[in-house]
Amino acid sequence: MDFLLNHEERQLQQLARTFAGREIIPQASELDRTKTFPQAIYDQALSLGLLNLTVPEEYGGAGLGCLALTLVTEELCRGCVGVGAALSINSLAADAVIHHGSEEQKQWVLPRLVAGELASYAATEPGAGSDVAGLQTRAVRDGDDYVLSGSKTWISNANLASFFVVFARTGDGGSTGLSVFIVERSTPGLSVGEPLDKLGQRCAPTCEIFFDSCRIPASQRIGEEGQGFRIAMDAFDHSRPMVAAFGVGVHARCLEESLAYAQTRQTMGQPIIRHQLIAAKLAEMSTSLEAARLLAYRAAWLIDHGQRNTLAASQAKLFAAESVMAAATEAVQIFGGMGYSTEYPVEKLFRDAKVLQIYEGTSEIQKLVIARELQR
Ligand code: CS8
């Protein structure tokens, strides 16, 4: 067993860490306050080679794996998870195309991502978040085309995306009746709502999408008809280690901020870290951080080595989400009244952490997946 990162991984991690410290942290609070997509940061990260890591080299990407993506994402999210999410969301749509698209589809869309375009992964619907098999957007075959009708919600970067990877029902109810399509933003009948207002990760936009008889060529279907559910689950196997790293990044920041504050803030004649109840919080925060990090890296490493990682990915996502929420809660507690103030960074970490227990599969869904995998 080797826990050391190789030279290339350490270089990439360091590049992302330096970038987050220099470009993301100073702007995070203002981007959150103004709910502004971090376009300049996105452009810089793109030119530094920090994005589109999993796109194969023949389509202009870095040709790296899930572990590299996880390492970089952790660092970006240590800077700000809203920025990290906005910058890494392309990988969900990309992975569906990379792993299930035709050669023609890969050549069509992957170089566009490398050139800086954004794409969204559109699964969630008003009536189907946890229950992917229950989604209702329909794609009806009509000659050489499909006609899409329905709506999606909570779709990350949808207001800026130039194309979408859309899950829709082509058959009967249940998981075998779903298919997945590449849909251009410019398709007549497709419209995108304004970004939804939300508690945290406010610079990463999430919007509704409406399909009003959108006609697309059948050649834009990814994989076979009826394979949509499997493609969605496979995409989650690739994305959940990365989303676990969102939590690890925020968690690392909670520890850094809390440690620095606890060493300087004095009560009862000494720095509060000398009070054992505060020291214990920091010890627990640091231990759960390492555990979350190892689970995330392992889930990514497994899929990079061709192993089924469904169990590991859900364990990583579950643990990272629960432990970052606990860490953020304790960070606010360590800061006391200052933790509740927008003048200090930890109230944002607390707000940003909450959705990690909800998106990319709630903690409850991860437990269901884990329990099912234990019975395989
Ligand atoms: O519905 C599944 C699920 O995973 N739900 C959670 C959905 C989710 O994660 N939503 C998030 C939406 S996207 C999002 O949040 C992005 S927002 C921003 C993110 C971050 C920004 C960057 C479920 C609940 C696990 C399962 O549902 P069921 O309908 O009960 O299906 P099953 O019976 O379990 O499975 C049906 C068949 O599929 C096979 N399967 C299931 N999982 C897998 C994987 N790999 C391969 N095959 C899989 N992982 C399963 O074995 C069943 O096959 P059978 O042959 O029928 O037995």
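Residues numbered from 1 in each chain as written. Predicted model: local features only at pLDDT ≥ 70, side-chain atom pairs only at ≥ 80, totals over all residues. Heavy atoms only, no water.

> I'm lost on the pattern of salt bridges in this one. Help?
A pair can form between side chains of opposite charge whenever their charged atoms are brought close. Inspection of the entire model under this criterion finds 21 salt bridges. A salt bridge links Arg351 to Asp32; the shortest N-O distance between them is 2.8 Å. Residue Arg351 is found in helix α10 (residues 346-354), and its partner Asp32 is found in helix α1 (residues 7-34); the two are separated by 319 residues along the sequence. On the accessibility criterion, Asp32 (7% relative accessible area) is buried. Measuring nitrogen to oxygen at the nearest pair gives 3.5 Å for the salt bridge that ties Glu373 to Arg376. Taking the relative accessible area as the measure of exposure, Glu373 reaches 17% and is therefore buried. Here the residues in one salt-bridge network are Arg17, Glu75, Arg78 and Glu256, joined through shared partners. (Salt bridge = Lys/Arg side-chain N within 4 Å of Asp/Glu carboxyl O. Helix = DSSP H or I, 4+ residues; strand = E, 2+ residues; numbered from the N terminus. Buried < 20%, exposed > 50% of the residue type's maximum accessible area, 1.4 Å probe, protein only.)

> So what exactly am I meant to see when it comes to the site of the ligand here?
Near the ligand, the surroundings consist of 23 residues, among which Ser130, Arg230, Arg240, Glu360 and Arg372 are the closest. At a separation of 3.5 Å, an oxygen atom of the ligand approaches a polar backbone atom of Val132. Residue Arg372 places a side-chain N or O atom 2.4 Å away from an oxygen atom belonging to the ligand. Coverage of the ligand by the protein chains reaches 73% of its 1200 Å² of free accessible surface. With seven residues, the top contributor of residues to the shell around the ligand is helix α7 (residues 228-264). Tallied by class, the residues present in the shell around the ligand amount to 10 nonpolar, seven polar and six charged. Each of two domains, domain 2 (119-225) and domain 3 (229-374), supplies a minimum of three residues to the shell around the ligand. (Near = heavy atom within 4 Å. Polar contact = N/O pair within 3.5 Å; in protein donor to acceptor, adjacent residues only side chain to side chain. Areas by Shrake-Rupley, 256 points an atom, 1.4 Å probe, with all protein chains shown as cover. Nonpolar A, V, L, I, M, F, W, Y, C, P; charged D, E, K, R; others polar. Domains from an automatic or database assignment.)

> What am I meant to see in the UniProt feature "domain: Acyl-CoA dehydrogenase/oxidase C-terminal" (unreviewed entry) in the chain here?
Taken from the UniProt record, the annotation "domain: Acyl-CoA dehydrogenase/oxidase C-terminal" (unreviewed entry) applies to residues 226-374. Each end of residues 226-374 is marked by a C-alpha atom, and these two atoms are 26 Å apart; helix forms 76% of the span and strand 3%. (UniProt positions renumbered as here; feature names shortened; annotations may be inferred.)

> Please explain the packing of aromatic side chains as it appears in this structure.
Throughout the structure, instances matching the rule amount to eight aromatic pairs. Between Phe37 and Tyr42, the ring centres sit 6.2 Å apart and the planes meet at 45°, which makes this aromatic pair tilted. Given a relative accessible area of 13%, Phe37 falls into the buried group. The class for Tyr42 is buried, based on a relative accessible area of 1%. Each member of the aromatic cluster is reached from another via a ring pair, and the members are Tyr121, Phe167 and Phe236. (Phe/Tyr/Trp six-rings, centres within 6.5 Å; stacked < 30°, edge-to-face > 60°.)

> Is there a simple way to explain the UniProt feature "domain: Acyl-CoA dehydrogenase/oxidase N-terminal" (unreviewed entry) in the chain in this structure?
Under the present numbering, the feature "domain: Acyl-CoA dehydrogenase/oxidase N-terminal" (unreviewed entry) in UniProt falls on residues 7-117. Split by type, residues 7-117 is 75% helix and 0% strand. Its first and last C-alpha atoms lie 30 Å apart.

> Got a minute to help me understand helix α6 (residues 103-114) in this structure?
Within an α-helix, residues lying three or four positions from one another point in the same direction, as the helix has 3.6 residues per turn. With 12 residues, α6 ought to run about 16 Å at 1.5 Å a step, and its terminal C-alpha atoms sit 16 Å apart, in line with that. Buried within α6 are the following residues: Gln105, Lys106, Val109, Leu110, Arg112 and Leu113. Taken down its axis, α6 places every buried residue within 160° of arc, on the same side. Looking at the buried residues of α6, the elements they touch are α2 (39-48), α5 (90-100), β1 (119-122), β4 (163-169), β5 (178-184) and β8 (221-222). (Expected span 1.5 Å × (residues − 1). Arc of directions from axis to C-beta. Contact = heavy atoms within 4.5 Å.)

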